Amino acid sequence: MTILVTGGAGFIGSNFVLDWLADASTRDERVVNLDALTYAGNLRNLASLQGDARHVFVKGDIGDRALVDRLLAEHQPRAVLHFAAESHVDRSILGPGAFIKTNVEGTFTLLEAARAYWSALEGDAKAAFRFHHVSTDEVYGSLAPDAPAFTETHPYEPNSPYSASKAASDHLVRAWHHTYGMPVLTTNCSNNYGPYHFPEKLIPLMIVNALAGKPLPIYGDGLQVRDWLYVGDHCSAIRTVLAKGRVGETYNIGGWNEKPNREIVHTVCALLDELRPSAEGPYTRLITHVKDRPGHDRRYAIDARKIERELGWRPAETFETGIRKTVRWYLEHADWVADVQSGGYRDWVAANYSAR
Ligand code: NAD
Ligand code: DAU
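Residues numbered from 1 in each chain as written. Chains lettered and ligands numbered in written order. Predicted model: local features only at pLDDT ≥ 70, side-chain atom pairs only at ≥ 80, totals over all residues. Heavy atoms only, no water.

Asks: Residues and numbers for the layout of surface pockets, please.
Replies: Here the second largest pocket defines a volume of roughly 330 Å³. Taken together, 20 residues line the second largest pocket, and the ones lying closest to its centre are Glu 152, Tyr 156, Arg 174, Gly 248 and Thr 250. If you list the elements that add at least two residues to the lining of the second largest pocket, you get helix H6 (161-180) and strand E6 (184-189). Looking at the lining of the second largest pocket residue by residue, the class counts come to 6 nonpolar, 9 polar and 5 charged. (1 Å grid on protein atoms, 1.4 Å probe; cavity = no way out; pocket = protein on both sides within 12 Å on 5 of 7 lines; lining within 4 Å. Points joined across faces, edges and corners; volume = space filled by probe spheres on them. Helix = DSSP H or I, 4+ residues; strand = E, 2+ residues; numbered from the N terminus. Nonpolar A, V, L, I, M, F, W, Y, C, P; charged D, E, K, R; others polar.)

Put into structure tokens, the structure is as follows:
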């Protein structure tokens, strides 16, 4: 059997592909990985799969209908797992166009291609097919400090161009189920962290800046709250929903781990003080407060009881174990960081793939 993953060279997608091909329950199933290799896509994340026939990488855009049609016809996947997106809120503020293009129009094109493919399937193959849409808790908007966490029925109140584009894609997926009967699953997850996280996001940015002796920029007062989930737990939750989720349902995924940004940064500094002490003194000396993000959501919190009650999923990592693993990973992968920062990973792709 085969699955089609979109965005499988990005942070979560690459962790998902690696975990899928390592997990005893899924490792015999081939992955076709469609990724446009934007600045956020990095084939180095998948270097350990080089020469592995279970992984077929295709460089391409989810908005390219002819390409998606061809991949579906050729590989006959039993599921599409849709990770591909523009994912960075700050970039969406500076340039929302790419977010509408990929997250809204791209999801539309992918859904239409998947609908045509699924409609032509028959019998067991048709009944078993799933379109799994990977989404975010940001679609629900911002919570007051004492408000209950987001459940799956919380109203959609997206506040950034990124979250608005993801909300639009969630609505498309929902409508394709209700109107056409497409067998969809949607998951809305909180902030991930872990290996291969592009260092424009809070946790990897703080690690790499601290190691380089650069400022650690905290937006505004740093008291914005996020729920943090280790990326491996997000991947296991998606595998669980794909295997057991009820068609047409949405499942919230979270780590039961709300923390203000300031605390996150202090935790990263403390771990670096322990694992790679600086001769200049504690890393917290580098913390600087900078101008806040426009429209900055104050708090996200996930109520993940539905996925636990219905499907028996809970995160395996605590924040303490997950963040320690993550800091260690960055310390041990200075070459990955340097490549991503220098743009050298694009050179690696050209060197490795241009002659194939
Ligand atoms: P990422 O930015 O690290 O990776 C996105 C990947 O999609 C990249 O490999 C990129 O090349 C690819 N891509 C972008 N546009 C494409 C296009 N038009 N066609 C094909 N590929 C394209 O993102 P991420 O953090 O791994 O997030 C993956 C998904 O999970 C996204 O849908 C995001 O909204 C969602 N999500 C992320 C988080 C988080 O904390 N990072 C939390 C919840 C949900
Ligand atoms: O909640 C899930 C979302 O989490 C995902 O849907 C997004 O794809 C993902 O990027 C993430 O969005 P955030 O905006 O929460 O993540 P980011 O790492 O950009 O920022 C986390 C918090 O840290 C946020 O409150 C802004 C703050 N921040 C961020 C950066 C980059 C800073 O204070 N300083 C910074 O330099």
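Okay, back to it.
Asks: Hey, could you go over the site of ligand 1 for me, with residue numbers and the actual values?
Replies: Near ligand 1 there are 28 residues, and of these Ile 12, Asp 35, Ser 87, Tyr 162 and Lys 166 occur at the shortest range. Ala 36 has a polar backbone atom sitting 3.0 Å from a nitrogen atom of ligand 1. Taking Phe 83, its main chain carries an N or O atom lying 2.9 Å from an oxygen atom of ligand 1. Relative to its free-state accessible area of 840 Å², ligand 1 is covered by the protein chains to the extent of 96%. Elements supplying a minimum of two residues to the shell around ligand 1: helix H1 (11-20), strand E5 (130-136), H6 and strand E7 (191-193). The residue inventory of the shell around ligand 1, partitioned by class, reads 13 nonpolar, 12 polar and 3 charged. (Near = heavy atom within 4 Å. Polar contact = N/O pair within 3.5 Å; in protein donor to acceptor, adjacent residues only side chain to side chain. Areas by Shrake-Rupley, 256 points an atom, 1.4 Å probe, with all protein chains shown as cover.)

Asks: Quick one: what's the story with the sheet that holds strand E11 (residues 258-260), residue by residue and with numbers?
Replies: Taken together, the 3 strands give an open sheet; going across it, the order is E7-E9-E11, and neighbouring strands pair in mixed fashion. Of all the strands in the sheet, just E7 and E11 have a single pairing partner and so form its edges. Each strand of the sheet is rotated relative to its neighbour by a mean of 50°, with strand direction disregarded. (Pairing = 2+ DSSP bridges. Axes fitted to C-alpha atoms, helices over the stretch in contact; angles between N-to-C directions.)

Asks: So what's going on with the packing of helix H4 (residues 97-120) against H6? Residues and values would help.
Replies: Closest axis-to-axis distance for the H4/H6 pair is 8 Å, and the angle between their directions is 15°. Judged by the angle between their axes, H4 and H6 are roughly parallel. As for the relative orientation of H4 and H6, their crossing is right-handed in sense. On H6, the residues touching Phe 99, Ile 100, Asn 103, Val 104, Thr 107, Phe 108, Leu 111, Glu 112, Arg 115 and Trp 118 of H4 are Tyr 162, Ser 165, Lys 166, Ala 168, Ser 169, Leu 172, Val 173, Trp 176 and Tyr 180. A breakdown of the residues in the contact of H4 with H6 according to their chemical character gives 12 nonpolar, 4 polar and 3 charged. (Parallel < 35°, antiparallel > 145°, perpendicular 65-115°, else oblique. Left-handed = near helix turned anticlockwise from the far one by under 90°. Contact = heavy atoms within 4.5 Å.)

Just geometry here; none of it tells us what the structure is for.
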